[in-house]
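# Topology and contacts: notes
What follows is the residue order along each chain.
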Amino acid sequence: MNINDVLNKLRETGRKAFVPYIMAGDGGMEKLKENIRFLDEAGASILEIGIPFSDPVADGPTIQRAGKRALDNGTTLEGIFQALTEVRQQVEVPFVLMTYLNPVLAFGVERFVERCQGAGVSGIIVPDLPYEEKSIVSDALERVGIALIPLVTLTSPLERIAKITEEAQGFIYAVTVTGVTGARRDFAQSQFDYLRRVKEVAHLPVLAGFGISTPEQVREMGDVCDGVVVGSRIIELLEQGRYGEIRELIGS
Ligand SMILES: O=P(O)(O)OC[C@@H](O)[C@@H](O)c1c[nH]c2ccccc12
């Protein structure tokens, strides 16, 4: 299934999307494939898979550490594509890659997109790619039907959000905090208001991410948008082998 099919089906049945984020190569390539199979079986709607990078400006401590572990392991993009290609046939869940721009440029945009297609990747997120410069990667992605998922933030003016969502595919990633990835204790009313406003102007599903770590937060966010992305908490739970809690989060 592709991203649109998954999100349409959830909407028709009145359910919300749950998108775990994992760091590729944290624990090695076998672990990556194992984690993907587990999260697919546990009911993840879409999987966000992070490419480790030495200068992850949007990431907090948990994801920075996971990225460092992956790089120290000798993780390469080529190795990640190979693992994804192998596991692709075994799972249903769509893959979205999250990468900073530099690794893509270093690998070569055309080559990167070709490998994404070969590995059955449905979308990519590039947090440091300015919207105005998106054609650097979006032209090549469009040719093969891979979505460039846009991030919108609390500080993006509504007109800009409307413009971004008009041309987007897949879903809109609404960043719920100003700052880096990582668990937050609670969310202010203004953050829910922001999500409602994004929902009003977006013609695509809106998923909220950054700082979501408890079943209660998953439900609260689900009340105002179409689902959530959970990264840092999933990485911690995977690291500690707390699979029951991951199932609980996905089920909430
Ligand atoms: O870790 P958190 O707070 O649950 O946030 C999601 C996040 O990890 C994932 O979507 C992500 C990881 N690194 C990013 C960089 C930019 C945008 C998004 C991300």
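Residues numbered from 1 in each chain as written. Predicted model: local features only at pLDDT ≥ 70, side-chain atom pairs only at ≥ 80, totals over all residues.

Spelled out, the test is: UniProt positions are given in the numbering used here, feature names are shortened, and annotations may be inferred rather than shown by experiment.
Going by what an unreviewed UniProt entry lists, the protein is known as Tryptophan synthase alpha chain and is assigned to Ectobacillus antri. In its Pathway (unreviewed entry) section, UniProt records this for the protein: "Amino-acid biosynthesis; L-tryptophan biosynthesis; L-tryptophan from chorismate: step 5/5." Quoted verbatim from the Sequence similarities (unreviewed entry) field of UniProt, the annotation for the protein is "Belongs to the TrpA family."

## Focus on the site of the ligand
The condition that has to hold: The rule is simple: place the C-beta atom from the backbone, and if it lies within 6 Å of a molecule or strand, the residue is near it. Here a strand is any run of E in DSSP of at least two residues, a helix any run of H or I of at least four, and the numbering for each starts at the N terminus. Classification convention: Asp, Glu, Lys, Arg as charged; Ala, Val, Leu, Ile, Met, Phe, Trp, Tyr, Cys, Pro as nonpolar; all other residues, Gly among them, as polar.
Surrounding the ligand, one finds 20 residues, the nearest of these being Ala58, Pro127, Thr181, Gly231 and Ser232. At the level of elements, strand E2 (47-50), strand E9 (227-230) and helix H11 (232-239) are the ones that each hand at least two residues to the shell around the ligand. A per-class count over the shell around the ligand returns 10 nonpolar, 7 polar and 3 charged.

## Details of the UniProt feature "active site" (unreviewed entry) in the protein
To keep it simple, the criterion reads: The contact criterion used here is simple: two residues whose C-beta atoms, placed from the backbone, lie within 7 Å are in contact. Counts of 20 or more other C-beta atoms within 10 Å of a residue's own C-beta define buried residues, counts of 12 or fewer define exposed ones, and intermediate counts define partly exposed ones; C-beta atoms are placed from the backbone.
Summarizing the sequence annotation, UniProt attributes the feature "active site" (unreviewed entry) to Glu48 and Asp59 in the numbering used throughout. Among the structural elements, Glu48 can be located in strand E2. Once residues lying within four places of it in the same chain are set aside, the contact partners of Glu48 are Val19, Tyr21, Val96, Met98 and Val229. Position of Asp59 relative to the elements: it lies in the loop between E2 and helix H3 (61-72). A residue is classified by how many C-beta atoms lie within 10 Å of it, and Asp59, with 23 of them, is buried. In this structure, Asp59 is in contact with Gln64, Gly67, Val180 and Thr181, ignoring residues within four places of it in sequence.

## Thoughts on the nonpolar core
Which entries qualify depends on this criterion: Take the buried Ala, Val, Leu, Ile, Met, Phe, Trp, Tyr and Cys residues, join any whose C-beta atoms are within 7 Å, and the set you get is a nonpolar core.
Ranked by size, the top nonpolar core spans 80 residues in total, and within it Leu47, Ile124, Tyr173, Ala174, Leu207 and Val228 carry the most contacts. Ignoring any residue separated from it by four or fewer positions in sequence, one finds Ala174 in contact with Val152, Leu195, Val198, Val206, Leu207, Ala208 and Cys225.

## A few points about the packing of H3 against H11
What counts, and what does not: In this description, a line fitted to the C-alpha atoms serves as the axis of each element, helices being fitted only across the stretch in contact, and the angle between N-to-C directions of two axes falls anywhere from 0 to 180 degrees. Comment on the angle field: the value is read as roughly parallel under 35 degrees, roughly antiparallel over 145, roughly perpendicular from 65 to 115, and oblique elsewhere. In a left-handed crossing the near helix is turned counterclockwise from the far helix by less than a right angle, and in a right-handed crossing that turn is clockwise.
The geometry of H3 relative to H11 is characterised by a closest axis approach of 9 Å and an angle of 55° between their N-to-C directions. In terms of their interaxial angle, H3 and H11 are classed as oblique. Where H3 crosses over H11, the two elements pack in a sense that is left-handed. Across from Thr62, Ile63 and Ala66 in H3, the residues of H11 making contact are Ser232, Ile235 and Glu236. Residue composition of the contact of H3 with H11, by class: 3 nonpolar, 2 polar and 1 charged.

## Notes on the environment of Ser135
By secondary structure assignment, the location of Ser135 is in helix H7 (residues 135-144). Remark: the alpha-carbon pair of Ser135 and Pro150, spanning 15 residues in sequence, is separated by 13 Å.

## So, helix H10 (residues 215-224)
As a reminder of what qualifies: Comment: arc refers to directions from the helix axis out to C-beta atoms.
Restricting attention to buried positions, one finds in H10 the residues Gln217, Val218 and Met221. The buried residues of H10 occupy an angular sector of 105° when the element is viewed end-on, so they sit on one face. Seen from the open side of H10, the exposed residues pointing more than 90 degrees away from its buried face are Glu216, Arg219 and Asp223. Buried residues in H10 make contact with strand E8 (206-209), E9 and helix H12 (243-251).

## Here's the deal with the pairing of E2
When a strand is regular, its side chains alternate between the sheet's two faces. This is how it is decided: Only strands joined by at least two bridges in the DSSP assignment are considered to pair. Think of it like this: strands point away, you trace from the first strand over the helix to the second, and a clockwise trace means the crossover is right-handed.
Burial of E2 is two-sided: the residues Leu47 and Ile49 facing one way and the residues Glu48 and Gly50 facing the other way are all buried. Here strand E1 (residues 17-23) pairs with E2 via 3 bridges, running parallel. Each bridged residue has a counterpart across the sheet, and for Ile22 the counterpart in E2 is Ile49. With respect to chirality, the unit in which E1 leads through helix H2 (residues 29-41) into the neighbouring parallel E2 is right-handed. Note that E2 and strand E3 (residues 95-98) share 4 bridges and pair parallel. Within the sheet, the bridge partner assigned to Gly50 lies in E3 and is Met98.

## Overview of the pairing of E1
The buried count for E1 comes to 7 of 7 residues, which makes it a mostly enclosed element. Burial along E1 is two-sided: Ala17, Val19, Tyr21 and Met23 and Phe18, Pro20 and Ile22, pointing in opposite directions, are all buried. Summarising the sheet, E1 and E9 pair through 4 bridges and their orientation is parallel. Looking at the pairing, Pro20 lines up with Val230 of E9.

## Digging into helix H4 (residues 77-88)
Put simply, the test is: The length a helix should cover is 1.5 Å for every residue beyond the first.
Taking 1.5 Å per residue as the helical rise, H4 with its 12 residues ought to reach 16 Å, and the 16 Å between its terminal C-alpha atoms agrees with that figure. Buried residues along H4 sit in contact with H2, E3, helix H5 (101-107), helix H6 (109-118) and strand E4 (121-125).

## Topic: unusual backbone geometry
Here Phe210, not a glycine, exhibits a phi torsion of approximately 95°, which is positive. Locating Phe210 in the fold gives a position in the loop between E8 and H10.

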